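# Observations on the model geometry
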Amino acid sequence: MQRKMKTLVSTLALAISASIVQAPSANAFILGGIVYDPTNYAQNLLTAARTLEMINNQIKQLTNEAAMIANQAKELTQLPYSAKAALKARLVEIDKLIQTANGLAYDVATIDTAFKTLFPEDYSAFSNLAMGAAANAHWREASRALNDALVMQAKVTETIALDVTTLEEIVTESETAIGGLQVEQAGNQLLALQTKQSMQTAQLLAVQYRAEALDRARQLQTEERARIHRGRFLGDGAAYTPS
């Protein structure tokens, strides 16, 4: 802008200089010892008017450019609020609950082996005492899974209250956004909140379905052990004959 202002000053100086060096016309006359030329005066006045109009147009252009730059700056202003850390912390808390859950693991690498060890398909080689111990282990595992589900439900319920506060803060920031970038960032944070809630819902369902699966497995194992016990009680089915 300073360069353009210097250009305007130079243009005005050239116009004034041109009006001074012009030679007097035939209509010039002397008034009070001063040469007065009406023709040159009219031309100089017209030149000055045109130069002033050009300067005014340049000033308007510079003003519009300054306003455009200011608006662009607003569009690029970042939102002074971020819910990223809070949302991530809540997901980390829920993930820690899953990682510290009792009983069978949640990772694919170990769940198959652990399940087969805890819930064998055949009890024919087990003694009655061993089957009693297995029944106790199944009950303990199902009880732990149920406890994990209840704890997870409580944690998700706690985070819902925090999410409501975060939602209100994001909406407030979006309502006072001063540029396109701030509006976009507020929208992204709303999507992040929605994604976070979907993720914790999936985690909650995983824990709940795990508890239901373990309880169903416990029931099936109970039925299988009952069948073995009944078979051993009945023996080969032959009536007792005293010797």
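Residues numbered from 1 in each chain as written. Predicted model: local features only at pLDDT ≥ 70, side-chain atom pairs only at ≥ 80, totals over all residues. Heavy atoms only, no water.

## So, the overall build of the protein chain
A tally of regular secondary structure across the protein chain gives six helices and two strands. Mapped in sequence order, the helices and strands of the protein chain form the string α-β-β-α-α-α-α-α. Sequence-distant contacts, at least 24 apart, represent 76% of the contacts inside the protein chain between residues at least 6 apart. Carbon and sulfur atoms provide 61% of the accessible area of the protein chain, an area that totals close to 16700 Å². (Helix = DSSP H or I, 4+ residues; strand = E, 2+ residues; numbered from the N terminus. Contact = heavy atoms within 4.5 Å. Areas by Shrake-Rupley, 256 points an atom, 1.4 Å probe, with all protein chains shown as cover.)

## Concerning the nonpolar core
Core analysis: the largest hydrophobic core is formed by 14 residues, its most contacted members being F119, M152, V156 and V207. At the level of elements, α3 (84-99), α5 (128-175) and α6 (180-234) are the ones that each hand at least two residues to this core. Ignoring any residue separated from it by four or fewer positions in sequence, one finds F119 in contact with H138, L214, A217, R218 and Q221. Core analysis: the next-biggest nonpolar cluster, separate from the first, contains seven residues, Y81, A83, I170 and L193 among them. (Core = buried A, V, L, I, M, F, W, Y, C linked by side-chain atoms within 4.5 Å. Buried < 20%, exposed > 50% of the residue type's maximum accessible area, 1.4 Å probe, protein only.)

## Comments concerning a nonpolar patch on the surface
Side chains of L167, V171 and L190 sit close together on the surface and give an oily, nonpolar patch of about 190 Å² of accessible area. By the element assignment, L167 lies in helix α5. On the accessibility criterion, L167 (38% relative accessible area) is partly exposed. (Patch = residues over 30% accessible without salt bridge, like charges linked within 9 Å, V, L, I, M, F, W, Y side chains within 5 Å. Salt bridge = Lys/Arg side-chain N within 4 Å of Asp/Glu carboxyl O.)

## Quick word on the packing of α5 against α6
Between α5 and α6, the shortest axis-to-axis distance is 9 Å and the interhelical angle comes to 165 degrees. When the axis of α5 is compared with that of α6, the two are roughly antiparallel. α5 and α6 meet at a crossing whose hand is left-handed. In terms of residue class, the contact of α5 with α6 is made up of 22 nonpolar, 11 polar and nine charged. (Axes fitted to C-alpha atoms, helices over the stretch in contact; angles between N-to-C directions. Parallel < 35°, antiparallel > 145°, perpendicular 65-115°, else oblique. Left-handed = near helix turned anticlockwise from the far one by under 90°. Nonpolar A, V, L, I, M, F, W, Y, C, P; charged D, E, K, R; others polar.)

## Brief notes about the pattern of salt bridges
Applying the stated criterion to the full structure yields nine salt bridges. Each of R90, D163 and K196 takes part in a single network of salt bridges with overlapping partners.

## A closer look at the packing of aromatic side chains
Applying the stated criterion across every chain, the model contains two aromatic pairs. Pairing F115 with F119 gives two aromatic rings, centres 4.8 Å apart and planes at 40 degrees, and the pair type is tilted. (Phe/Tyr/Trp six-rings, centres within 6.5 Å; stacked < 30°, edge-to-face > 60°.)

## Let's talk about the packing of α3 against α5
Axis angle and axis distance: for two packed helices, these are the angle between their axes and the distance between the axes, and together they describe the pair. Where α3 meets α5, the closest approach of the two axes is 11 Å, and the angle between their N-to-C directions is 180 degrees. Relative to α5, the element α3 is oriented roughly antiparallel. Residues L87, R90, E93, I94, L97 and I98 of α3 form the contact with α5, whose participating residues are V151, M152, K155, V156, T159, L162, D163 and T166. Among the residues making up the contact of α3 with α5, the classes are represented as eight nonpolar, two polar and four charged.

## Remarks on α6
A rise of 1.5 Å per residue sets the reference length of α6, with its 55 residues, at 81 Å; its end C-alpha atoms lie 81 Å apart and thus fit the reference within 8%. G235 sits one or two positions beyond α6 and adopts a positive phi of about 70 degrees. (Expected span 1.5 Å × (residues − 1).)

## A closer look at the confidence of the model for the protein chain
When the pLDDT values of the protein chain are averaged, the result is 78; 78% of them are 70 or greater. Here residues 18-22 scores under 50 on pLDDT; set against residues more than four positions off or in separate chains, the count is four contacts. (pLDDT = per-residue confidence, 0-100.)

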